[in-house]
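# Chain and residue survey
What follows is the residue order along each chain.
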Amino acid sequence: MRNLNKRYKRGIMRNLSFYVSLFFLTAVTVLMFLLFSTSVKCEEKYVTDFFERNCVEDGQFRTYLPLTDDNIESLNKEYGVQIEKQLYTDKEEDDYTVRVFKKSHTVDKYEIVDGKDAVNIGEICLSVSFAEANDISIGDGIDLGGSHYTVTGFCERPDYLFMIRNQTDSYRRAASFGLAVVDDDTFDSFEDTEEYYAVIYSRNNEEEFRKHIYENYSTTEYITAETNHRITTPQATIDQFAVITDMILPVLLLLVVAIIAVVLGRKVYSEQKYIGTLTALGYRKSEIIIHYTLYSLVPGLAGEIIGLLLTFTLVKFIAGEFFSKLESLPVEYTISWQNVVLVSALPVTLYMLTSFITVRKILRISVVDMLSGNNSSRRTGGAFAHSSMNFRRKFRFRAILNNKARTFVVVAGVLVSGLVMAVSVIMNDSCKNYGDKVIDKMGSFEYEYFLDSVYTDDIDGGEKMLSVNFEVEGSENNIILFGTSEKNSYLNFEPADGSEVRLSDGYYVSSMASVIFGVKKGDKMELRDICSMEKYTVEIAGVIENKAQSVLYSSEENVRNLLDIEDGGYNLIMSEKDVASDDSRIMLTIKKEDMKDMIQNVISSMKMMVYIMFIFGMIICAIVIYLMVNMIIEENSVTISMLKVLGYHSGEINKITVNIYHILIPLGIILSLLGGWVINSAYFEASTASFQAYIPSYASPMSILIFSGAVTVSYIVSLWLLGKKVKKVNMTDSLKGARE
């Protein structure tokens, strides 16, 4: 082995571009996987622990009759719950509003994340993002409600990690809304405070408790933790990224590493004559196997080490951008040992295993065949032997058809390398298309006015409707029941299956709700009134195309009969124009523009990850295609030499031997786009509940052009960079082959 060891340096230097490409590709792939997975896993762990140690609520409610301290103590004992009254007031200034809470001690406890608590009059703790957006540091002052306070620290609450003022807000405005806590004496001096009750359950008796509250204290509002956007958005955001890091990226990591292993195996196969020479010189098979197996260890191990070092360096700077719409938390980003083991073992193991198998296969060939470069097990066909087509075209077709393994590797290389880019491009386009077009397909309405009760009077403009929000048995998500006329011009009742829609026949579910709740025509849904917990069962008559709302549609008569509402009653006004914004009865106004803002919020939270995936995809694509072209040239070296002997110049040789794979690049591009489409469709369908949007896959012509252009440019540049290799091929190679 002493003499063989000298070949490592010579072999690597002789194929330096090949090994450097393997090194960079391994490093980039490891970096991409670790960067995303570390960011998501560490954020998830911190948020989960934060919720647990600060006792995040299971629900919150308001009642018509207030609960006294004795009532709360009695309910805690009887139902095994933990209830705490939450008191707050909004202090509005010209440029911002701060929601000041009284300190909570048992449910939704605040936590000081920097500095110290506010314990004296005139002291205050602010939420981190609000302070950062307004350039407020610890020790600075802030004016609220005519009083001046000194900031002693920064704090966060588990029910406000997504800092929105109202539950219907689509995205946070860090500079204009924040949270604060003050000492109890200061808070008790405030006027116009508001209250609600937060509850944690320890037994499986939520339904009984809620019925008791409704019957004895008249519940006016109940919000479960699962439908509270301030609580669910952090986990939903993590879940959205977790699908990518737990499902998509591991598959892409495996595919890229597998492609590298295959290319490496073919590289080892090209060493057949050298292996034959070593065998003839008396080297044992075990020595030869170990020698070539260690060749593959170098780029794999070096790439893994650099990938790990880059992850440690970059993760703190990039991870926070993935979760920029949440409160800034002091997360410590550490790479899990499981992922370190995975990225350390997978590439090197696959590279070495491929080399091991390839060398063993070669060593089964006779020494004579190895030295001559022949392999009786590899048959070449005589395709187009009697065809009248010209030599160049015949040669191209034979090269593709007679080298099926090489052809497959080229197509697979383009497919896998382009997949990362395709996924990111289609993901970005799908979100934009949803906001620009899909939401508008719901109908022509622009405003939905939800009233505080059921009314029977006439209105000027707009469409009167019935609307009730229900919980769904067996699900953590809610659904809205609309009672309306089939002649409602503001809604689109396009059926998803092409059948006729007759609202009087029953209850139709939106396509988004169909995905969330897994129901279709003929299925039954059990609904629960959010306050009274009264149950209703409805049968699904069909599915209406609406990917933006979780809705049940039926006629006004059906809804009135179901809920025992008087004729002519309505509690929702729908219109194209602002016709009721000054109506004192309005409890909530939703604009179609707000729905578009919501998806923009989703896009903004994913933008950094999408852009980084695209950049990684471009790098991976460029390197893989470079390796493909390099492989083509090296495996055709004898043919190139022969053509030189026959008098062909480099340009003609390129057209005959290298450029024959032009036709496979479009095929690889198409397969990458199809793969990206399938992956995105599965991702968006699995994320419908967390997105609160059923986003269909979409790729714009411009993005397809950009993607195709990026792959094509990578291919052309690789051809240009490696064109010099054709010139370096010696004419004696073919003569040697003929002599042997």
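First, a word on scope: everything that follows refers to the structure included in this document. (Residues numbered from 1 in each chain as written. Predicted model: local features only at pLDDT ≥ 70, side-chain atom pairs only at ≥ 80, totals over all residues. Heavy atoms only, no water.)

Moving on, we come to the overall build of the protein. A count of helices and strands for the protein gives 22 helices and 19 strands. Burial statistics for the protein: of 740 residues in total, 53% are counted as buried. (Helix = DSSP H or I, 4+ residues; strand = E, 2+ residues; numbered from the N terminus. Buried < 20%, exposed > 50% of the residue type's maximum accessible area, 1.4 Å probe, protein only.)

Enumeration over the complete set of coordinates arrives at 28 salt bridges. A salt bridge links K592 to D440; its shortest N-O distance comes to 3.9 Å. With K592 in helix α16 (residues 592–635) and D440 in the loop between α13 (404–438) and β11 (447–455), the pair connects residues that are 152 residues apart, well separated along the chain. Between R560 and D567 there is a salt bridge, with its nearest N and O atoms 3.4 Å apart. Owing to a relative accessible area of 64%, D567 belongs among the exposed residues under this scheme. Taken together, the salt bridges that share partners define one network made up of E206, R210, E471, E473 and R528. (Salt bridge = Lys/Arg side-chain N within 4 Å of Asp/Glu carboxyl O.)

Looking at the element boundaries, D108 is found in the loop between β3 (97–101) and β4 (111–115). We note that D108 is buried and unpaired, the nearest opposite charge coming from R157 at a distance of 4.0 Å. (Lys, Arg positive; Asp, Glu negative; His and termini not counted.)

Another point: the environment of F707. One can find F707 in helix α21 (residues 701–728). Taking the C-alpha atoms as reference points, F707 and M421, separated by 286 residues in sequence, lie 7.2 Å from one another. Every residue in contact with F707, bar those within four places of it in the chain, is listed here: G418, M421, A422, I669, S672 and L673. (Contact = heavy atoms within 4.5 Å.)

Nonpolar side chains in soluble globular proteins generally cluster together in the buried interior. In terms of nonpolar packing, the biggest core is built from 138 residues, with F36, Y553 and V711 touching the most fellow members. Counting residues per element, this core draws most heavily on helix α7 (residues 229–269), at 19 residues. Not counting the four nearest positions on each side in its chain, V711 is found in contact with V414, M421, C621, I625, I665 and I669. In terms of nonpolar packing, the next biggest core, distinct from the first, is built from 24 residues, L481, M512, M525 and V559 among them. (Core = buried A, V, L, I, M, F, W, Y, C linked by side-chain atoms within 4.5 Å.)

For helix α3 (residues 69–79), the full list of buried residues reads I72, L75 and Y79. Buried residues of α3, seen end-on, are gathered within an arc of 65° and therefore sit on one face of the element. Relative to its buried face, α3 has exposed residues pointing more than 90 degrees away, namely D69, D70 and K77. Close packing links the buried residues of α3 with β2 (81–92), β9 (194–201) and α6 (206–217). Backbone geometry just after α3 places G80 at a positive phi near 65°. (Arc of directions from axis to C-beta.)

Time to look at the packing of aromatic side chains. Using the criterion set out here, one finds 18 aromatic pairs in the structure. A ring pair is formed by F482 and Y553, whose centres lie 6.3 Å apart and whose planes are at 65°; its orientation type is edge-to-face. Pair noted here: F482 is in strand β13 (residues 478–484) and Y553 is in strand β17 (residues 551–555), with a separation of 71 residues, a long-range link. With relative accessibility at 1%, the residue Y553 sits in the buried group. A centroid spacing of 5.4 Å and a plane angle of 50° characterise the contact between Y683 and F684, whose relative ring orientation is tilted. (Phe/Tyr/Trp six-rings, centres within 6.5 Å; stacked < 30°, edge-to-face > 60°.)

Below, the discussion takes up unusual backbone geometry. The backbone of C55 shows a phi angle near 55°, a positive value even though the residue is not glycine. Of note, C55 is situated in the loop between α2 (16–53) and β1 (59–63). The backbone of D192 sits at a positive phi, close to 55°, despite the residue not being glycine. Residue placement: D192 occurs in the loop between α5 (184–188) and β9.

By the criterion of burial, strand β7 (residues 147–156) is predominantly enclosed, with seven of the ten residues buried. Note that β4 and β7 share four bridges and pair antiparallel. Following the sheet pairing, E111 is matched in β7 by E156. Of the pairings in the sheet, the one linking strand β5 (residues 123–126) to β7 comprises four bridges and is parallel in character. Paired with C125 across the strands is G153, a residue of β7. Taken together, the four bridges between strand β6 (residues 141–144) and β7 define a ladder with antiparallel strand orientation. Within β7, the residue paired with D143 across the bridge is H148. (Pairing = 2+ DSSP bridges.)

Let us look at the environment of A302. Looking at the element boundaries, A302 is found in helix α9 (residues 285–322). Looking at A302, the relative accessible area reads 28%, which means it is partly exposed. Taking C-alpha positions, A302 is 8.4 Å from T26, a pair spaced 276 residues apart along the chain.

Before going further, it helps to spend a moment on a nonpolar patch on the surface. On the surface, L301, I305, I306, L309, L310 and L314 cluster together to form a nonpolar patch covering roughly 450 Å² of accessible area. Structurally, L314 is set in helix α9. Relative accessible area serves as the criterion here: at 30%, L314 is assigned to the partly exposed category. (Patch = residues over 30% accessible without salt bridge, like charges linked within 9 Å, V, L, I, M, F, W, Y side chains within 5 Å. Areas by Shrake-Rupley, 256 points an atom, 1.4 Å probe, with all protein chains shown as cover.)

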